[in-house]
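Structure at a glance
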Amino acid sequence: MKRTLLSLLALAVVAAGCGPKEAKEASAPEAPRKLRFAVLPKSLDIPVFNYAKVGAEREAKALGNVEVIWRAAETADQLRQKEILESFISQRVDGIAISCTNGDFLTETINRAVEAGIPVVTWDADAPKSKRAAYYGVDDFAGGQILGEETVKMLGDRKTVAIITSLGAYNLQRRLEGVQDSLKKHPEVTTVEVFDIKEDTVRCVEVIATATNKYPDLGAWISVGGWPVFTRNALDPVNPKKTKFASFDTIPPAPDVMRSGKVQLLIGQKYFGWGSESVKLLANIKAGKMPEKQIIDSGVDVVTPTNLDQYVADWAKLEKE
């Protein structure tokens, strides 16, 4: 009897030691697991993608239940991008958003991710033959048409153009096709050469210098990517009084390059949206809401010296959001 009484007293002491806080902690449910979204740019050395990273991380923070894993090869390498994509399939991430270095090359791997239950969206550069849920970015063919048409308007007596591209990426191929489609409407304009700079800014600088000597009377350069305006000195060999320059992309230092008079036309993209919209799409898919459209056209910004100051002011607001 005495032993039983002591046992009961011990239990009472233990129970008394468990206050409301401890009881609440013991019964509190675990916090929900964060969704892990892998966001893959073409490479880490192309500066436009830094803004996509900012956009993705902002959206993840706003959602609260998303973790962004940002990963890519140092330079644009389709084999390495495929390896990274495969690693995320093995890790069973909750979603993948990718700018494809070569969409056709990645189609089978993207399909394998989708078949494994991992939703995939593309941004900036699509893989249209794959099972990806949606693409967010520029209508590249239409953007190329705008680039070509606006360049023709700048041509004076010199009716020749040279084009800079990088072969392999679906988005750049479509832009090139758009430029060429617009130039067909102007048979008086001749394309002297199409240069493949292989997504390499240094190679782009070398091509411009060499070709400027080769074609001293060139009317205009047309670049379907922003490589010539990613640095301040790439256009130094070009005489703007003789040769005009039109390029995709508006990220710094492109506005300063335009102010210096070296470039007369820039086509801007929705850089922050590449990341934010992709993360939003994946979050909606995980919540059971599939995209209403498979192709989500972000539109482009046409920037000239006339509207440059307003564009820069709007850009500053985006950076502070």
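Residues numbered from 1 in each chain as written. Predicted model: local features only at pLDDT ≥ 70, side-chain atom pairs only at ≥ 80, totals over all residues. Heavy atoms only, no water.

**Focus: helix H4 (residues 78-91)**
The line we're drawing: Each helix is a run of H or I in the DSSP string that is no shorter than four residues. Each strand is a run of E no shorter than two, and both are numbered from the N terminus. Here a helix's expected span is defined as the number of its residues, less one, multiplied by 1.5 Å. When a residue's accessible area, from a 1.4 Å probe over protein chains only, is under 20% of the maximum for its type it is buried; when over 50% it is exposed; and in between it is partly exposed. Picture the helix axis, draw a direction to every C-beta atom, and the arc is the one those directions span. Note on contacts: a residue pair is in contact if any heavy atoms of the two residues lie within 4.5 Å. Whenever a nitrogen or oxygen atom comes within 3.5 Å of another N or O atom, the pair is scored as a polar contact, on the condition that within protein one atom can donate a hydrogen and the other can accept it, and that pairs from neighbouring residues in sequence are kept only if both atoms are in side chains.
With 14 residues, H4 should reach 20 Å at 1.5 Å per residue; the first-to-last C-alpha distance of 20 Å fits that figure. All of the buried residues in H4 are Gln81, Ile84, Leu85, Phe88 and Ile89. All buried residues of H4 lie within an arc of 145° about the axis, which places them on one face of the element. Within H4, the exposed residues directed more than 90 degrees away from the buried face are Leu79 and Ser90. For H4, the secondary structure elements touched by its buried residues are strand E1 (35-40), strand E2 (66-70), strand E3 (95-98) and helix H5 (103-115). The backbone nitrogen of Leu79 has a side-chain oxygen 3.0 Å away, supplied by the residue at the start of H4, namely Asp77. Within two residues after H4, Arg92 carries a phi angle of roughly 60°, on the positive side.

**A closer look at unusual backbone geometry**
A negative phi holds for most residues other than glycine; trans holds for most peptide bonds. A cis amide bond links Pro252 with the next residue in sequence, Pro253, at an omega value of 10°. Tracing the backbone through its elements, the reader meets Pro253 in the loop between strand E9 (244-248) and helix H9 (254-259). A positive phi angle, near 55°, is found at Lys198, a position not held by glycine. Note that Lys198 resides in the loop between strand E7 (190-196) and helix H8 (201-214). A positive phi angle is found at Asp249, which is not glycine, with a value near 85°. In this structure, Asp249 sits in the loop between E9 and H9. Of the residues examined, Asp249 reaches a relative accessible area of 4% and is grouped as buried.

**Observations regarding the sheet that holds E9**
To keep it simple, the criterion reads: Should DSSP find at least two bridges between two strands, the strands are taken to pair. For helices, the fitted axis covers only the stretch in contact; all axes are lines through C-alpha atoms, and the angles between them, taken along N-to-C directions, range from 0 to 180 degrees.
The mixed open sheet is built from six strands, whose spatial order is E7-E6-E8-E9-E10-E12. In this open sheet, the two edge strands, each paired with only one partner strand, are E7 and strand E12 (301-303). Neighbour to neighbour, the strand axes of the sheet diverge by 15° on average, direction disregarded. Summarising the sheet, strand E8 (residues 220-223) and E9 pair through four bridges and their orientation is parallel. In the strand pairing of E9, Trp221 is matched with Phe245.

**What to know about the environment of Ser298**
For Ser298, the position within the fold is in the loop between strand E11 (295-297) and E12. With 23 residues separating them in the primary sequence, Ser298 and Gly275 have C-alpha atoms 12 Å apart. If sequence neighbours within four positions are ignored, Ser298 has contacts with Tyr136, Gly137, Val138 and Lys270. A polar atom in the side chain of Ser298 sits 3.4 Å from the backbone nitrogen of Val138.

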